[in-house]
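# Structural description and commentary
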Amino acid sequence: MSAEAAPAKTDGWEPKIVAFCCNWCSYGGADSAGMGRFQQPPTARIIRVMCSGRIDPLHVFNAFLEGADAVLVTGCHIGDCHYVNGNDKTKIKYKFLENVVRELGLEKERLQLNWISASEGEKFANFIRDVTAQIKKLGPSPLKPGGVS
Amino acid sequence: MKGSVAVVGGGIAGIQAALDLADSGFKTYLIESRPSIGGTMSQLDKTFPTNDCAMCILSPKLVETGRHPNIELLSYSDVKSITGKAGDFKVKVVKKARYVDETKCTGCGTCTEKCPTKVLDEYNAGMSKRKAIYIPFAQAIPRVATIDASKCMYLTKGKCGVCKKVCGPKAVDYEQKDKEIELDVGSVVLATGFKPFDPSVLKQYRFDHPDVITSLQFERLLSASGPTQGHVTKQSDGKVPKKIAFIQCVGSRNPRINRKHCSSVCCMYATKESIIAKEHDSDLDITIFHIDIRAFGKNFEEFYNRAQKEYGIKYINSRPPEVIVDAKNALSLKYEDFNAGELKTENFDMVVLSIGLDPSDSTRALAGSSGIALDNFGNIATNMGSPVETSVPGIYVCGAAQGPKDIPDTVAQASAAAAKAAALLSAERGTLIKERKFPDEKILSPEPRIGVFICHCGINIGSVVNVPNVVEYAKTLPNVAHAQEMLYACSSDSQVTIKDAIAKNNLNRVVVASCTPRTHEPLFQNTCREAGLNPYLFELANIREHCSWVHMKEKEKATEKAKGVVQMAVAKSALFQPLYKQKVSLINSAVVLGGGVAGMTAALDIANNGYRVTLVEKETELGGMLKEMTELYDGKKPADVLKELIQKVNENKNIVVVNEAKLIKVEGYLGNFKGIIQANGKEMPVDFGAAVVATGARNFEPAGLFNYGKDSRVVTQAQLEKMLGNSISAKTITMVQCVGARNKEREYCGRTCCIDAVKNAVRIKKANSNANVYVLYRDMRTYGVMERLYENARDLGIIFIKYDAEKPPAVQDGAVTVHDSMLNEDIEIASDLVVLSTPLVAGENEEINQLFKIPLDKNKFFLEAHPKLRPVDFATDGVFLCGSAQAPKLLDEAISQASAAASRACTILSRKFIETEGAVSVVNEAKCIGCGTCVTVCPYNAPSLQDVTVKAEEVTYTAKKSRINPAACKGCGSCAAACPAGAITAQHFSSKEIGEAINAFNKGVKSISIEQKTGTVEVIV
């Protein structure tokens, strides 16, 4: 997970990661990361939605087309949804999303799903750190306007 | 009679009671002796058994309490006396001199930074230093400084005066004096909490050694806001310990020092602290030395099992008599290893004393001055059947002041006390409260004019993020009409600044870049409202939790990220439109399901608060499981309690009882439910605003276990309970605990079975002193003040034999064989009667769970909204829970919960209207294709398909179109994401708004140069 393994052309390059977080769990997890001072690379920008069920596949495509190097879909653990079952719907939509993103020729690391509770600050920080390391290895998204490939 | 209540004590109990009362239409005074509310919970790192961050769940409650229009907070104040009678009390309060004017102090912290005097910090249990002028902790409410008069150099020696010099708003006032005030209130709720046991009296535990610390100190060591930022280190040398021992029952279950009670929480907090410590450092070796492990609450046993299996925490059933300190100052413990049958000595780097809960000094003093009776333990005395009523009518008690208890039981009791006070004063409801008034909203100009306020948060943001740089950057963003920095955006003076800026610059959108919207959005939204802006024109950019705190070593990158986060918030907010909550009328009556003690109590409390109740009971008569009992824990007759309760229910004009009935259908939402009750083959409609589920549980039938059902000498504890209504002839009685509980099939602990067994054992022995009574147990879980029953039983000669789960007893022809794990030998007891103690199991809860869409846990009991702070709420608004339907519990606990559920229901029923969610989804009918996908995905039945007449060109036809009921919509946005026609907009989180934010991020932060008075600042991407 170190940057040394990254190709030379991406030296010093920082990926741009869009993280969709639900208000009740994963956004709270990101808050807990802050409260616990769990350090993480400054690569992610969080888009807060009330429920992961709000995340429209179009939002994810939009993020890629606008130049995101990775998109993270996060929400409450299954069974913990504040809106009864929004994350179950997310899970179903995510399967579809995964396929489309694969069809577009993107690596699987560029789209990731994770359930993070409001208390899992360290998990959130580790997630951002791991994804950043993975994307640094891959380099900029091929869909990026003016990107590689 | 007065429509006001004084709540004494601002811990979680007092906070909950005050919030419930204030929400139910009563003026509430919350009196706290310390500088901030929050109590012991504010010092906790995590809470068991979910390991939720304690401050994260507490802090919103603190904020809510601090800003509630009907709560007057008297912090740093002591209650001297309470006089008068129910309905008209006079409460004498001394407001201690804090030497700081609360109305002027902004909580900026400059004084605490400059103060030269350091003193031990009680918030960190004496393990770090604070200043003589201080704010106890970051989230303190009120956030004002207090001078520690005994330590301040100016107040003690007349020298220094630095704080006064540096204070910008001139809040420091050395001349301030204690002030006595008198409150006129109708009722009083005592929530005076507990005092942690001081282990220095037990010299053998060597609390004088720096590496022998209390569990509260250990809790602070684990906390990120603690003295070591969450790193567990030894106080002696700062090194990381490798081996830690916990000693349980320090200051509990110890008659020699007159601490006969069990403190109820220590087994679980020691388990929690061990788990967290292991999560920080998996190499840690942790041993917990205990007498019994009392994991009796909901999910506690599971937590205890995880601690052993997943975290490798060792539990040793032995209480070491002393802590040994050798010549090199190293620590060791000597203990008896029962398994090996030998004495062992083991070295440890750190010893944590699991200190008990003592009654607080203020409880004692107040009880003395106001004539309130105490029990034998020094807690405020109550009865089994009325667990929140003190000896003085009109004065109620909750939380640890009534006896040691954990947070959920405390919160439930707090709501229960609120219900009783509210019922007493229901004629005066709403007479002393004020409603928040906001000015009319101003007309928005078509162009967005955005104001951006960027917070330093003292040094929390400012020490990492270059705030002035971000301000200058914000000024260059499109539509930004004003940008400025603030030291604390949340302080009251900042609210004035924001409002002035809105007026002066004609702002119509506001972005504050500070901390998380999860706690602070409501604050700034209200500030916007006070300035005539719709609250939905506000956006928070989180540059603390998501930026300065997580990029502490990358200051430049953090500054760039902060700019990006602000840019996204600005881009999104430009699209914001005013949104309005709808006011919907509600039905001021309730339905209570279940006519046991819990259901009847809930119904009575709601009815006594002045609201109609329909009580639905499935059987032919009221009473539930209490009908099966023949004696209560305090020796009283259940039949008497039941008779009185049933009479009260039947005589209450507000209650309609429907027997042999069940609720078969429910539609609607909070405030407006429509249901159908089926009774005697007939169906009748019922409309209600709130519901309480009190459907109880049932006894587990141990079919096939220990010859039960085959041998008539083998009975259950419930059967014995009935038999003891008459005299029994059996001479040797053997009870077997944990039958059908704490096993693979049913992991949970039955909670009440140990106490029931001990109670019945004592009854047998008292009726016939020649009887031989044996109790075969795994852990005796006679928690709290019930420990006295256990002590009494041993005194009477009842024999307790501990067995291992791996070597369970066997029953053959009346003979019980058991392996005594303490003596390590097999024992055979020829018994006339074998009694199996079985747990309560969930009833037919699936039906109700489907009806209200309320969740069940894995044992099929109902799952509350939050295990700590919302123990009687469901996540579904307007539906509440109490009694054994939630988990097994004792009579007084069920009664407390029932009153609590009533209190929570009354916070709804007392409203004049229900406010709906403002950011709801709306359908564009022109785009809607009537497919019904939204109807399928919505868990709240908010969208429905309606026949709509459509006119297109020359043709008129009828088509299905979706309409979303704004009163039922919770704003999750699932329908908007699912709509294949793009016809649904999730307002405030629309695709356009989300798209603008993404676009702002990916466009990047443009390189610009800014002309400043001092020169040019290059802002680099």
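Our structure's up above, just so we're on the same page.
Note that the structure is predicted; figures quoted are calculated from it, not measured.

### Remarks on the environment of B:Tyr29
All names here are of chain B. Mapped onto the fold, Tyr29 is located in strand E2 (residues 27-31). Residues Tyr29 and Val185, 156 residues apart in the sequence, show an inter-C-alpha distance of 8.8 Å. Contact partners of Tyr29, with chain neighbours within four places excluded, come to Ser4, Val5, Ala6, Val7, Glu72, Leu74, Leu183 and Val185.

### Focus: unusual backbone geometry
A negative phi angle is the norm for most residues apart from glycine, just as the trans form is the norm for most peptide bonds. All names here are of chain B. A cis amide bond links Phe48 with the next residue in sequence, Pro49, at an omega value of -5°. If you trace the backbone, Pro49 turns up in the loop between strand E3 (46-47) and strand E4 (52-53). With an omega of 0°, the peptide bond between Ile141 and Pro142 qualifies as cis. Here Pro142 is to be found in the loop between strand E10 (133-134) and strand E11 (146-147). With phi around 65°, Asn707 is a residue other than glycine that occupies positive phi space. Classification of Asn707 by relative accessible area gives partly exposed; the value is 21%.

### So, the packing of aromatic side chains
Evaluation of the coordinates by the stated rule reveals 18 aromatic pairs over all chains. A ring pair is formed by B:Tyr748 and B:Phe861, whose centres lie 5.6 Å apart and whose planes are at 85°; its orientation type is edge-to-face. Of this pair, B:Tyr748 sits in the loop between strand E39 (732-736) and helix H19 (753-767) while B:Phe861 sits in the loop between helix H21 (846-852) and strand E47 (879-881), and the two are 113 residues apart along the sequence. Three or more aromatic residues link up through ring pairs in this structure, and these residues are B:Phe48, B:Phe296, B:Phe300 and B:Tyr783. The side chain of A:Arg48 reaches across the aromatic face of A:Tyr27, ending 5.9 Å from its centre.

### Some details on the side chain of B:Glu32
Residues and elements named next belong to chain B. Tracing the backbone through its elements, the reader meets Glu32 in the loop between E2 and E3. Buried charge Glu32 goes without a salt bridge, the closest partner of opposite sign being Arg34 at 4.1 Å. Polar contacts involving the side chain of Glu32 include one to the main-chain amide nitrogen of Gly10, which spans 2.7 Å. Here the side chain of Glu32 touches Arg34 through a polar contact of 2.8 Å, landing on its backbone nitrogen.

### Topic: the packing of helix H1 (residues 12-23) of chain B against helix H22 (residues 891-909) of chain B
For any two helices packed against each other, one specifies the crossing angle of their axes together with the interaxial distance. Where H1(B) meets H22(B), the closest approach of the two axes is 8 Å, and the angle between their N-to-C directions is 35°. Taken together, the residues of H22(B) that come into contact with H1(B) (itself represented by B:Gln16, B:Asp20 and B:Asp23) are B:Ser903, B:Arg904 and B:Thr907.

### Comments concerning the state of the cysteines
Within this structure, the stated rule accounts for 1 disulfide over all chains. Note that A:Cys25 is cross-linked by a disulfide to A:Cys76, the S-S spacing being 2.4 Å. Sign of the S-S torsion, about 95° for the bond between A:Cys25 and A:Cys76, identifies this disulfide as right-handed. With A:Cys25 in the loop between strand E1 (17-22) and helix H1 (26-35) and A:Cys76 in the loop between strand E3 (70-75) and helix H3 (86-103), the pair connects residues that are 51 residues apart, well separated along the chain. Like A:Cys25, the residue A:Cys76 is buried in the burial classification. A disulfide-free cysteine, B:Cys934 has its sulfur positioned 6.3 Å from the sulfur of B:Cys928, the nearest such atom.

### Structural notes on helix H12 (residues 492-505) of chain B
Residue and element names in this part refer to chain B. Relative to the 20 Å expected for 14 residues at 1.5 Å per residue, H12 spans 20 Å between its end C-alpha atoms, a close match to the ideal helical length. Taken as a whole, H12 has its buried residues at Ser494, Gln495, Ile498, Ala501, Ile502 and Asn505. Axial view of H12: buried residues confined to an arc of 125°, hence all on one face. Facing away from the buried surface of H12 by more than 90 degrees, the exposed residues are Ser492, Ala503 and Lys504. In this fold, the buried residues of H12 make contact with strand E25 (450-455), strand E26 (480-486), strand E27 (509-514) and helix H13 (517-530).

### Description of empty space enclosed by the protein
Taking a probe equal in size to a water molecule and rolling it over the atoms shows the remaining empty space. Scanning the entire structure with this criterion turns up 12 cavities of 30 Å³ or more. Looking at the largest cavity, its volume works out to about 280 Å³. Every residue lining the largest cavity is counted, 18 residues in all, and those nearest its centre are A:Ile46, A:Ile47, A:Arg48, B:Glu539 and B:Leu540. Contributions of two or more residues to the lining of the largest cavity are made by strand E2 (44-49) of chain A together with strand E28 (538-542) and helix H15 (555-573) of chain B. A breakdown of the residues in the lining of the largest cavity according to their chemical character gives 11 nonpolar, 2 polar and 5 charged.

### Quick word on the pairing of E28(B)
All names here are of chain B. E28 sits mainly inside the fold: 5 of its 5 residues count as buried. Of the two faces of E28, both are covered, the one formed by Phe538, Leu540 and Asn542 as well as the one formed by Glu539 and Ala541. With 5 bridges joining them, E27 and E28 adopt parallel strand pairing. The partner of Ser514 across the bridge, within E28, is Asn542. Each parallel crossover has a hand, and for E27 linked through H13 to E28 it is right-handed.

About the thresholds
- Residues numbered from 1 in each chain as written.
- Chains lettered and ligands numbered in written order.
- Predicted model: local features only at pLDDT ≥ 70, side-chain atom pairs only at ≥ 80, totals over all residues.
- Heavy atoms only, no water.
- Helix = DSSP H or I, 4+ residues; strand = E, 2+ residues; numbered from the N terminus.
- Contact = heavy atoms within 4.5 Å.
- Buried < 20%, exposed > 50% of the residue type's maximum accessible area, 1.4 Å probe, protein only.
- Phe/Tyr/Trp six-rings, centres within 6.5 Å; stacked < 30°, edge-to-face > 60°.
- Lys NZ or Arg CZ within 6 Å of the ring centre and 35° of its normal.
- Lys, Arg positive; Asp, Glu negative; His and termini not counted.
- Salt bridge = Lys/Arg side-chain N within 4 Å of Asp/Glu carboxyl O.
- Polar contact = N/O pair within 3.5 Å; in protein donor to acceptor, adjacent residues only side chain to side chain.
- Axes fitted to C-alpha atoms, helices over the stretch in contact; angles between N-to-C directions.
- Disulfide = S-S within 2.5 Å.
- Expected span 1.5 Å × (residues − 1).
- Arc of directions from axis to C-beta.
- 1 Å grid on protein atoms, 1.4 Å probe; cavity = no way out; pocket = protein on both sides within 12 Å on 5 of 7 lines; lining within 4 Å.
- Points joined across faces, edges and corners; volume = space filled by probe spheres on them.
- Nonpolar A, V, L, I, M, F, W, Y, C, P; charged D, E, K, R; others polar.
- Pairing = 2+ DSSP bridges.
- Right-handed = clockwise from strand over helix to strand, strands pointing away.

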